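Residues per chain, in single letters:
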Amino acid sequence: MKATNEMKNNTTASLLSIGQLGRYELPTRMIMAPMTRMRAHGDGVPSDMMVTYYSQRACAALIISEATAVSAQGVGYMNAPRLYTEEHVRGWARVTSAVHARGGRIFVQLFHAGRISHPSLLPGTGLPVAPSAIRPKGRVHTPEGRVPYVTPRCVTDEEIPRLVDEFKVAAQLAAAAGFDGAEIHAANGYLLDQFLRNGANHRQAPYGGSPKNRARFLTEVADAVASVLGAGSTGVRLSPLHRFNDMSDSEPRETFTTAVKALDKLGLAYLHLVEKDDAPLVGPRFELSRLRALWSSALVVNEDYDRVRAAAALARGADFISFGKLFIANPDLPRRFLADARLNSPRSDSFYGGDSQGYIDYPFLSADDGASSCEAQSA
Ligand SMILES: Cc1cc2nc3c(=O)[nH]c(=O)nc-3n(C[C@H](O)[C@H](O)[C@H](O)COP(=O)(O)O)c2cc1C
């Protein structure tokens, strides 16, 4: 029994220790993963519910916001937030102020959906854009219901500086809205990931072909965002082996070692790795752990971590763990780990869209459970 308690204390101690992420000293190793919840207004302005939701979770060492479109052309989901108008800035400023008032920190996740969108969601009902005119398998939610994806329009090389600039302007607006930094969403099959992986990118140079060319757009975006916010306030998210949104790559090791080496030269705050591995077993296996040696600053890992697995990942060389569904259901997750308290279970039927149910009504620990400051403030 004594040994078990000591083991628990050790796992909790490492997770609740101070860690450096870029320019920030964070109070624990527990980051809230970015999660699209579709509770913004129809025009992408954050709602009152979002202010409550994020401030309830200010106990996270860092909150990474849900994917936030950098332009009207980058929208992929109804009622997801955006960041390209003054109204968006004002809406997000209410969120960041509420998080800061509770002692938290929040980065925005900057996102462009690329081909994972639909004309009915886009200005002038134009086609979604992508590195190549390849239609993804699957269906998209539109105002008319779920429909198959369309074949996207291939962007020209001349358009790419404008796309880079959209991320740069969004970074300027993020600073105006009071965000502490930005995470560039280059994971999960959206535009930047579409450029990286050769299942979606059939272009020639300068933005296609070799791994170096496929990483060029992402590197330019990261450089542009870091030039606004500072490299120490800029992170990148990658999901090298995740098939989500019909992604594939015939040479993931070459693709991602090249991309990570190029990004590392920018001195960014962190690399956020989605470790999900559902890629087909073709070619040589690629161990994601090899990327640790290529990355100089903080490494954040994600996918299905609980307290014990998270502590083991820290012991293996990760610096932070991001928790997704556990933070949806447990706004006071660090406190629950500290108190070794029971966890609420996430309700998946309210993940995407809806009202306050399954969004801002998950219970905090009560005083009887040993609750203190963070959740007491948020109650
Ligand atoms: C409801 C929901 C929405 C998500 N939205 C995003 C998103 O906007 N951006 C992103 O990078 N990942 C998104 N993800 C993936 C999560 O960040 C995370 O990778 C995933 O939930 C696995 O972590 P977990 O096992 O700790 O939940 C989402 C996941 C869920 C469950």
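See the structure printed just above.
Residues numbered from 1 in each chain as written. Predicted model: local features only at pLDDT ≥ 70, side-chain atom pairs only at ≥ 80, totals over all residues.

Participant: Please set out the overall build of the protein residue by residue, giving values where relevant.
Facilitator: In terms of regular secondary structure, the protein is built from 12 helices and 14 strands. Computed over C-alpha atoms, the radius of gyration of the protein comes to 20 Å, within 12% of the 21 Å expected from 2.2 N^0.38 for 379 residues, which places it in the range of a compact globule. With the C-alpha coordinates aligned to their principal axes, the bounding extent of the protein is approximately 60 × 45 × 35 Å. In the protein, 74% of the contacts between residues at least 6 apart in sequence involve partners at least 24 apart. (Helix = DSSP H or I, 4+ residues; strand = E, 2+ residues; numbered from the N terminus. Rg over C-alpha atoms; globule rule 2.2 N^0.38 Å. Contact = placed C-beta atoms within 7 Å.)

Participant: Residues and numbers for the packing of helix α2 (residues 48-56) against helix α3 (residues 86-101), please.
Facilitator: It is at 8 Å that the axes of α2 and α3 come closest, and there the two elements cross at 30 degrees. What the angle tells us is that α2 and α3 run roughly parallel. For the crossing formed where α2 meets α3, the hand is right-handed. Along its contact with α2, which presents M50, V51, Y54 and S55, the element α3 presents R94, V95, A98 and V99. (Axes fitted to C-alpha atoms, helices over the stretch in contact; angles between N-to-C directions. Parallel < 35°, antiparallel > 145°, perpendicular 65-115°, else oblique. Left-handed = near helix turned anticlockwise from the far one by under 90°.)

Participant: Run through the sheet that holds strand β14 (residues 320-323), naming residues and quoting values.
Facilitator: Pairing is parallel in the closed barrel, where eight strands are placed in the order β3-β4-β5-β10-β11-β12-β13-β14. Across the sheet, the axes of successive neighbouring strands diverge by a mean angle of 25 degrees, strand direction being ignored. (Pairing = 2+ DSSP bridges.)

Participant: Got a sec to walk through the site of the ligand? Specific residues and values, please.
Facilitator: A33, T36, A67, G324 and K325 are the nearest of the 22 residues found near the ligand. Contributing elements (two or more residues each) for the shell around the ligand: β4 (62-69) and α10 (325-329). In the shell around the ligand, the residues fall into 11 nonpolar, six polar and five charged. (Near = placed C-beta within 6 Å. Nonpolar A, V, L, I, M, F, W, Y, C, P; charged D, E, K, R; others polar.)

Participant: Can you tell me about the packing of helix α4 (residues 160-176) against helix α7 (residues 216-229), naming the residues and giving the values?
Facilitator: In the contact formed by α4 and α7, the axes pass within 9 Å of each other and the chain directions differ by 30 degrees. Judged on the interaxial angle alone, α7 and α4 are roughly parallel. The two elements α4 and α7 cross, and the hand of that crossing is right-handed. Along the contact surface, α4 presents I160, V164, F167, K168, A171, Q172, A174 and A175, while α7 presents F217, E220, V221, A224, V225, V228 and L229.

Participant: Explain the nonpolar core to me, using residue names and the numbers behind them.
Facilitator: Counting residues in hydrophobic clusters, the biggest one holds 93 residues, and the most contacted among them are I31 and V225. Element by element, the count of residues in this core is highest for α7, at eight residues. Membership of the second largest hydrophobic core comes to six residues, among which are V129, A130, L163 and A200. (Core = buried A, V, L, I, M, F, W, Y, C linked by C-beta atoms within 7 Å. Buried ≥ 20, exposed ≤ 12 C-beta atoms within 10 Å, placed from the backbone.)

Participant: Provide a residue-level description of α4, including the pertinent values.
Facilitator: Taking 1.5 Å of rise per residue, 17 residues should cover 24 Å, and α4 covers 25 Å from first to last C-alpha, within 8% of that figure. All buried positions along α4 are accounted for by L163, E166, F167, K168, A170, A171, L173 and A174. Lining the buried residues of α4 we find α3, β5 (106-111), β10 (181-185) and α7. G178 sits one or two residues past α4 and shows a positive phi near 90 degrees. (Expected span 1.5 Å × (residues − 1).)

Participant: Give me unusual backbone geometry: which residues, what numbers.
Facilitator: Cis geometry marks the peptide bond from A205 to P206; its omega dihedral reads 10 degrees. Here P206 lies in the loop between α5 (191-196) and α6 (211-214). Even without being a glycine, T125 presents a positive backbone phi close to 45 degrees. Along the chain, T125 turns up in the loop between β5 and β6 (129-130). Classification of T125 as exposed rests on a count of 9 C-beta atoms within 10 Å. Of note in this structure, D304 is not a glycine but carries a positive phi near 65 degrees. Mapped onto the fold, D304 is located in the loop between β13 (298-302) and α9 (307-315). Judged by the 11 C-beta atoms lying within 10 Å of it, D304 falls in the exposed class.

Participant: How would you sum up the pairing of strand β8 (residues 145-148)? Please name residues and give values.
Facilitator: Bridge count for strand β7 (residues 139-142) against β8 is four bridges, and the pairing is antiparallel. Paired with V140 across the two strands is V147, which belongs to β8. Between β7 and β8, which pair antiparallel and follow one another directly, the connecting turn spans two residues.

Participant: Hey, could you go over the environment of I63 for me, with residue numbers and the actual values?
Facilitator: Secondary-structure assignment places I63 in strand β4. Given 28 C-beta atoms within a 10 Å radius, I63 is considered buried. Taking the C-alpha atoms as reference points, I63 and T125, separated by 62 residues in sequence, lie 33 Å from one another. Not counting residues up to four positions away in its chain, the partners in contact with I63 are M32, Y54, R57, V99, G104, R105 and I106.

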